[in-house]
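Inside the fold
Here is what each chain is made of, one letter per residue.
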Amino acid sequence: MLRSNYCGEVNLKQLGQEVNLSGWVNTWRDHGGVIFIDLRDRTGVVQLVFNPTTNKEVHAVAQSVRDEYVLNIKGIVEHRPEGTVNKNLSTGEIEIKVSSIEILNPSKALPFQIRDDINVAEEVRLQYRYLDLRRPKMFKNFNMRHKVSFLVRDYLDKQGFLEVETPILFKTTPEGARDYLVPSRVNPGEFYALPQSPQMLKQTLMISGFDKYFQIAKCFRDEDLRADRQPEFTQIDIEMSYISEEDIITLTEGLVSYVFKNALGRDIGAPFTRLTYEAAMDQYGTDKPDLRFALPLVNITEIAKNAEYKIFASIAAAGGIIKGLNAKKCGTFSRMEIDNLIEFVKTIGAKGMSWFKVENGKLESNLSKFFSEEIKTEMMKAFKAEEGDLILIIADKPAGANQALDHLRRHLGEKLSLIDKDKFVFEWVLEFPLFGWNEEEKRFDAMHHPFTSPKPEDMQYFDKEPGKMKARAYDLVLNGTELGGGSIRIHTRKIQEMMFKAIGITDEQAKDRFGFLLDAFEFGTPPHGGIAFGLDRLLMLMLKEGSLRDVIAFPKTQKAQCPLSGAPSFAEEKQLRDLHIKVVELPKKEDKNTEQV
RNA sequence: GGGGUCGUGGUGCAGCUGGUUCAGCACGUCUGCCUGUCACGCAGAAGGUCGCGGGUUCGAAUCCCGUCGACCCCGCCA
């Protein structure tokens with residue numbers, strides 16, 4: 001072992017003793033005579049001192065050293081001289097008088113400095129990820145990641161859960177996200193799929209009597225990336241038998257509280273707020289509202305549709321809604337600031353936005369002539385509008401208006417500093433619809449997934465009005481980010497078949513895709529349910545990072561590439577032949593898109 | 001598939017109403033000086049076909065078209 005201590009852990013306890021340290025040159029300061037080197041490892045830095053009068057040879061080596069050289073040194077731990085103590089360092093009271101030094105490996109000049117406060121393009125950071133990960137902040141992130149995984153295992157183990165691994169090479173399931181396919185060499189023309197989640201297998205484990213299962217599971221979805229979406233990500237996946245919604249909610253609250261308490265020292269105040277899907281959509285325009293701040297949405301369709309403003313009337317008549325929010329005290333906004341807000345909602349897909357300022361107790365704007373005094377008074381009441389407020393209104397189809405207002409609400413929350421960034425506000429969203437209407441396919445889709453149990457009291461609507469049915473599902477939301485969701489599952493063949501039928505899956509397709517699960521349901525399947533939540537997202541929020549990439553060691557860019565390794569890349573002809581795959585040019589465009597046959 | 005922002009020495013940025021204060025600033029690198037600094041300091045130096053291709057023009061980092069890439073968003077993500 002080339003060290004007796006970690007750099008950041010040398011302190012007054014070793015005073016007068018010889019220590020053996022290894023690490024990187026964080027910074028070096030040559031004063032012509034004395035040289036200081038801050039030696040760094042994952043625990044922190046310690047100051048090495050080289051004095052030419054006490055050891056000329058060692059001093060000469062120190063002179064040749066540069067940033068990120070890897071050193072091994074021996075030296076005596078000494079008190080720093082009066083007045084030179086550095087309170088910002090854990091090792092700031094001591095320094096090492098070096099008696100021997102070996103350069104284990106030099107380093108080229110760096111593409112960027114190994115510091116927390118760098119401002120470097122993400123592309124460059126990912127290309128040199130090994131350097132990026134040397135930064136203390138990154139180590140802190142991954143230390144936290146380790147800790148959280150450990151705490152999850154610890155908590156669930158204490159609750160009697162069994163961690164079971166499920167296969168990465170699995171079966172394609174056309175429902176849901178696009179699959180990553182893996183060709184089978186020994187079965188020409190056939191493909192595995194990487195799992196989008198271990199959903200069916202964890203249910204199978206319930207049928208097998210494992211009773212309480214969990215897994216910190218890798219999941220894969222071949223969809224376009226976002227700041228909070230990577231093609232491969234990690235889920236804390238949980239399933240239990242003989243339970244109701246309340247059991248999962250209680251377990252999850254206990255787990256999350258345990259993790260926050262032991263990883264961050266924070267009490268997060270379980271039980272969490274609960275709201276229904278309907279209330280969430282109504283008040284915030286989203287099924288994952290950020291409850292760190294208020295700024296609720298107000299539906300004024302019934303009031304505003306009667307105004308002489310044709311746009312409102314026609315949208316309301318076509319089944320749209322007129323909805324808005326009250327930006328308190330924003331009546332001082334300039335025309336340009338308001339125009340910027342309008343531009344902002346347009347990028348979200350809104351066609352426009354109306355606004356009113358409250359001036360002299362009245363609603364004033366370029367549109368006010370279209371609104372009678374009576375309507376304006378009612379609108380003010382609805383928005384609880386006071387002098388100096390700014391009312392912003394969007395009229396559109398419900399989904400479009402809600403989406404734009406949700407973004408606007410969050411945008412204003414940031415802009416007006418309404419959000420306490422130190423807070424962690426959790427909530428449960430309940431009473432989800434079982435189905436969502438798929439306009440493109442002109443049929444219903446499972447809103448959650450097709451294994452979600454309907455509420456028993458809604459069974460009567462299965463044939464006639466599936467859109468009315470509610471699911472036994474629950475989503476966990478933290479600070480406006482969906483952390484995870486789950487449900488009580490269907491556990492009988494009959495209801496599962498009804499479900500498939502409702503979303504347009506034929507008996508044949510069901511048998512081909514999910515046949516084993518349907519069969520298994522007939523061999524004594526216990527009622528069961530579970531939850532899955534994103535470990536990466538949880539960490540992103542705990543660490544207050546803006547991107548998943550800062551909590552994933554080797555993440556992908558928005559084009560799903562790895563700048564470090566260059567993946568994905570072309571395969572050798574022989575590999576393709578073994579896999580019975582031929583890459584051909586797509587006939588359509590003259591670009592280099594290819595397809596596999 | 002669509003929209004937005006961006007691309008200038010190793011890194012981050014300025015310049016972008018076209019023309020020797022237009023190739024500049026900061027950090028980094030290199031050389032020299034400096035015995036108590038800790039983002040040490042001081043002096044000097046090297047380093048860029050301004051993402052790539054085409055066009056307009058007497059002249060393009062600057063204007064136009066295309067293309068590639070990064071990031072953010074929409075679609076998509078049960």
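The following refers to the structure shown.

Rules and cut-offs
Residues numbered from 1 in each chain as written. Chains lettered and ligands numbered in written order. Predicted model: local features only at pLDDT ≥ 70, side-chain atom pairs only at ≥ 80, totals over all residues. Heavy atoms only, no water. Helix = DSSP H or I, 4+ residues; strand = E, 2+ residues; numbered from the N terminus. Expected span 1.5 Å × (residues − 1). Bend = angle between axes of the 7 residues up to and from the residue. Buried < 20%, exposed > 50% of the residue type's maximum accessible area, 1.4 Å probe, protein only. Contact = heavy atoms within 4.5 Å. Pairing = 2+ DSSP bridges. Axes fitted to C-alpha atoms, helices over the stretch in contact; angles between N-to-C directions. Salt bridge = Lys/Arg side-chain N within 4 Å of Asp/Glu carboxyl O. Near = heavy atom within 4 Å. Polar contact = N/O pair within 3.5 Å; in protein donor to acceptor, adjacent residues only side chain to side chain. Phe/Tyr/Trp six-rings, centres within 6.5 Å; stacked < 30°, edge-to-face > 60°. Lys NZ or Arg CZ within 6 Å of the ring centre and 35° of its normal. Parallel < 35°, antiparallel > 145°, perpendicular 65-115°, else oblique. Left-handed = near helix turned anticlockwise from the far one by under 90°. Nonpolar A, V, L, I, M, F, W, Y, C, P; charged D, E, K, R; others polar.

1. Notes on helix α14 (residues 507-521)
With 15 residues, α14 extends only 16 Å from end C-alpha to end C-alpha; this falls clearly short of the ideal 21 Å at 1.5 Å per step. Its maximal kink placed at Phe514, α14 deviates by approximately 90°. Every buried residue belonging to α14 is among Ala510, Arg513, Phe514, Gly515, Leu517, Leu518, Ala520 and Phe521, and all of these are buried. Its buried side turned inward, α14 meets α5 (199-207) and α13 (493-502).

2. Examining the sheet that holds strand β2 (residues 35-41)
Sheet architecture is closed into a barrel: five strands sit in the order β1-β2-β3-β5-β4, paired in mixed fashion. Put simply, the sheet's adjacent strands are angled 55° from each other on average, direction ignored. Where strand β1 (residues 18-30) lies against β2, six bridges are found, and the strand directions are antiparallel. The partner of Trp24 across the bridge, within β2, is Arg40. Sitting on the sheet, helix α1 (residues 56-64) is in contact with β1, β2, β3 (44-50) and β5 (94-105), with an inclination near 65° to β5.

3. Some remarks on the pattern of salt bridges
Scanning all chains against the criterion turns up 42 salt bridges. Notably, a salt bridge pairs Arg40 with Glu68, separated by 2.9 Å at the nearest N-O pair. Placement of the pair is Arg40 in strand β2 and Glu68 in the loop between α1 and β4 (70-79), with a sequence separation of 28 residues. Comparing Arg40 with Glu68, the two get one shared label, buried. Glu414 is the partner of Lys421 in a salt bridge, and the nearest nitrogen-oxygen pair spans 2.7 Å. A relative accessible area of 44% means that Lys421 is categorised as partly exposed. One network of salt bridges, with partners in common, ties together Arg125, Arg129, Asp132, Arg135 and Asp550.

4. Quick notes on the protein's contact with RNA strand B
Around RNA strand B, 47 residues are found, and the nearest of them are Thr84, Glu95, Asp224, His448 and His449. Sugar and phosphate atoms constitute 53% of the interface atoms of RNA strand B, taking the interface as everything within 4 Å of the protein. The backbone of Asp30 places a nitrogen or oxygen atom 2.6 Å from a base nitrogen of RNA strand B. A distance of 3.1 Å separates a sugar or linking oxygen of RNA strand B from a polar side-chain atom of Glu123. The set of elements that each furnish at least two residues to the surface near RNA strand B consists of β1, β2 and α12 (398-415).

5. Some points on the environment of Thr54
By the element assignment, Thr54 lies in the loop between β3 and α1. For the pair Thr54 and Lys97, spaced 43 residues apart in the sequence, the C-alpha separation amounts to 9.5 Å. At 3.0 Å, the side chain of Thr54 and the backbone oxygen of Asn51 are in polar contact.

6. A short note on the pairing of strand β20 (residues 473-478)
Side chains on a regular strand alternate between the two faces of the sheet. In terms of residue burial, β20 counts as a mostly covered element, since six of its six residues are buried. One ladder, built from five bridges, connects strand β17 (residues 426-430) with β20; its direction is antiparallel. Within the sheet, the bridge partner assigned to Glu427 lies in β20 and is Val477. The pairing of β20 with strand β21 (residues 481-488) spans six bridges and is classified as antiparallel. Bridge pairing in β21 links Leu476 to Gly484. In this antiparallel pair of consecutive strands, β20 and β21, the connection spans two residues, and Asn479 shows a positive phi of 50°.

7. Here's the deal with the packing of aromatic side chains
Per the stated rule, a full pass over the model turns up 19 aromatic pairs. Taken together, a centroid distance of 5.1 Å and an interplanar angle of 75° make the contact between Phe260 and Phe424 edge-to-face. Of this pair, Phe260 sits in helix α6 (residues 245-264) while Phe424 sits in the loop between α12 and β17; the two residues are 164 residues apart in sequence, bridging distant segments of the chain. Note on accessibility: Phe260 and Phe424 belong to one class, buried. Judged by centre distance (4.9 Å) and plane angle (80°), the rings of Tyr309 and Phe312 are edge-to-face. There is no split in this pair, since Tyr309 and Phe312 are both buried. Linked through ring pairs, Phe260, Phe272, Phe424, Phe426, Trp428 and Tyr474 together constitute an aromatic cluster. Positioned above the aromatic ring of Phe293, the side-chain terminus of Arg409 is 4.1 Å from the ring centre.

8. Some thoughts on the packing of α5 against α14
Remark: α5 packs on α14, axes separated minimally by 10 Å, with the N-to-C direction vectors making an angle of 20°. Classed by the angle they form, the pair α5 and α14 counts as roughly parallel. At the point where α5 passes α14, the crossing takes the left-handed sense. Packed against α5, whose contacting residues are Met200, Gln203, Thr204 and Ile207, the element α14 presents Arg513, Phe514, Phe516, Leu517, Ala520 and Phe521 at the interface. Its residues assigned to classes, the contact of α5 with α14 comprises seven nonpolar, two polar and one charged.

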